[in-house]
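# Coordinate inspection notes
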Amino acid sequence: MKKCDFFVDQNAVLGKGVKIENNVKIVGDSFIGDNCKILSGSVIVDSVVGEGCVVENSKIDSSNIGKGCTIGPFANIRPCCTIGNSVKVGAFVEVKNSFIADGCKMAHLSYVGDAEL
């Protein structure tokens with residue numbers, strides 16, 4: 001049988017059907033919505049991830065992610081971000097202290113800081 005190697009803090013809440021790969025950390029008062037996929041290398045700290053999201057090898061810290069979002073790979077969502085529903089955060093994107101409206105797409109290698117989109 002394959003060994004799973006991930007960490008979910010005792011304060012974290014996971015919805016139904018959440019899939020977590022190896023090398024994932026979900027810590028603090030985090031909430032992961034139903035049917036999310038948290039892929040290898042992801043770190044989620046004190047954040048809310050809405051249902052149906054895919055987080056790929058990315059960090060989300062003290063932020064709120066809406067439903068149906070795709071994050072990463074290698075994205076960094078820094079504290080105080082609100083990401084709307086159906087948002088795509090591409091590879092190597094960094095978001096800091098920003099509000100991102102529903103349906104926005106941030107291309108690869110982008111930085112969004114102190115902004116409203």
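Our structure's up above, just so we're on the same page.
Before going into details, it helps to say that this report is about the structure given with it. The structure presented is a predicted model; accordingly, all values stated were derived computationally and were not measured.

On the basis of which strands lie adjacent, the open sheet formed by 7 strands has the order β1-β4-β7-β10-β13-β16-β19 and parallel pairing. Looking at which strands have only one partner, the edges of the open sheet turn out to be β1 (7–8) and β19 (111–113). Strand direction decides the pairing type here: strand β10 (residues 59–61) and strand β13 (residues 76–77), joined by 2 bridges, are parallel. What sits directly across from I60, in β13, is I77.

What follows deals with the sheet that holds strand β2 (residues 13–14). The 6 strands lie next to each other as β2-β5-β8-β11-β14-β17, forming an open sheet whose pairing is parallel. Sheet topology places β2 and β17 (99–100) at the edges, where each strand pairs with a single neighbour. For strand β8 (residues 48–49) and strand β11 (residues 64–65), the ladder comprises 2 bridges, and the chain directions are parallel. Across the sheet, V49 pairs through a bridge with I65, a residue of β11.

The subject of this paragraph is the pattern of salt bridges. Side chains that differ in sign of charge can pair as their charged atoms come close. Inspection of the entire model under this criterion finds 2 salt bridges. Where R78 meets E94, a salt bridge forms, and the shortest distance between an N and an O atom there is 2.8 Å. In this pair, R78 sits in the loop between β13 and β14 (82–83) while E94 sits in strand β16 (residues 94–96), placing the two residues 16 residues apart along the sequence. A relative accessible area of 30% means that R78 is categorised as partly exposed. Of the charged contacts, one joins D114 and K96 as a salt bridge, the two residues approaching to 2.9 Å between their closest N and O atoms. Of this pair, D114 sits in the segment after β19 while K96 sits in strand β16, placing them 18 residues apart in sequence. In this structure D114 comes out as exposed when scored by relative accessible area, which is 51%.

A separate point is the packing of aromatic side chains. How two aromatic rings sit relative to each other is given by the distance of their centres and the angle of their planes. Counted under the stated rule, the structure contains 1 aromatic pair. Between F74 and F92, the ring centres sit 5.0 Å apart and the planes meet at 15°, which makes this aromatic pair stacked. Here F74 is found in the loop between β12 (70–71) and β13, whereas its partner F92 is found in the loop between β15 (88–89) and β16, with 18 residues between them in sequence. The class for F74 is partly exposed, based on a relative accessible area of 43%.

A separate point is the environment of R78. Through-space distance from the C-alpha of R78 to that of K96 is 4.9 Å; in sequence the pair is 18 residues apart. What R78 contacts, discounting residues up to four positions off in sequence, is D61, S63, E94, V95 and K96.

What counts as what
- Residues numbered from 1 in each chain as written.
- Predicted model: local features only at pLDDT ≥ 70, side-chain atom pairs only at ≥ 80, totals over all residues.
- Heavy atoms only, no water.
- Pairing = 2+ DSSP bridges.
- Helix = DSSP H or I, 4+ residues; strand = E, 2+ residues; numbered from the N terminus.
- Salt bridge = Lys/Arg side-chain N within 4 Å of Asp/Glu carboxyl O.
- Buried < 20%, exposed > 50% of the residue type's maximum accessible area, 1.4 Å probe, protein only.
- Phe/Tyr/Trp six-rings, centres within 6.5 Å; stacked < 30°, edge-to-face > 60°.
- Contact = heavy atoms within 4.5 Å.

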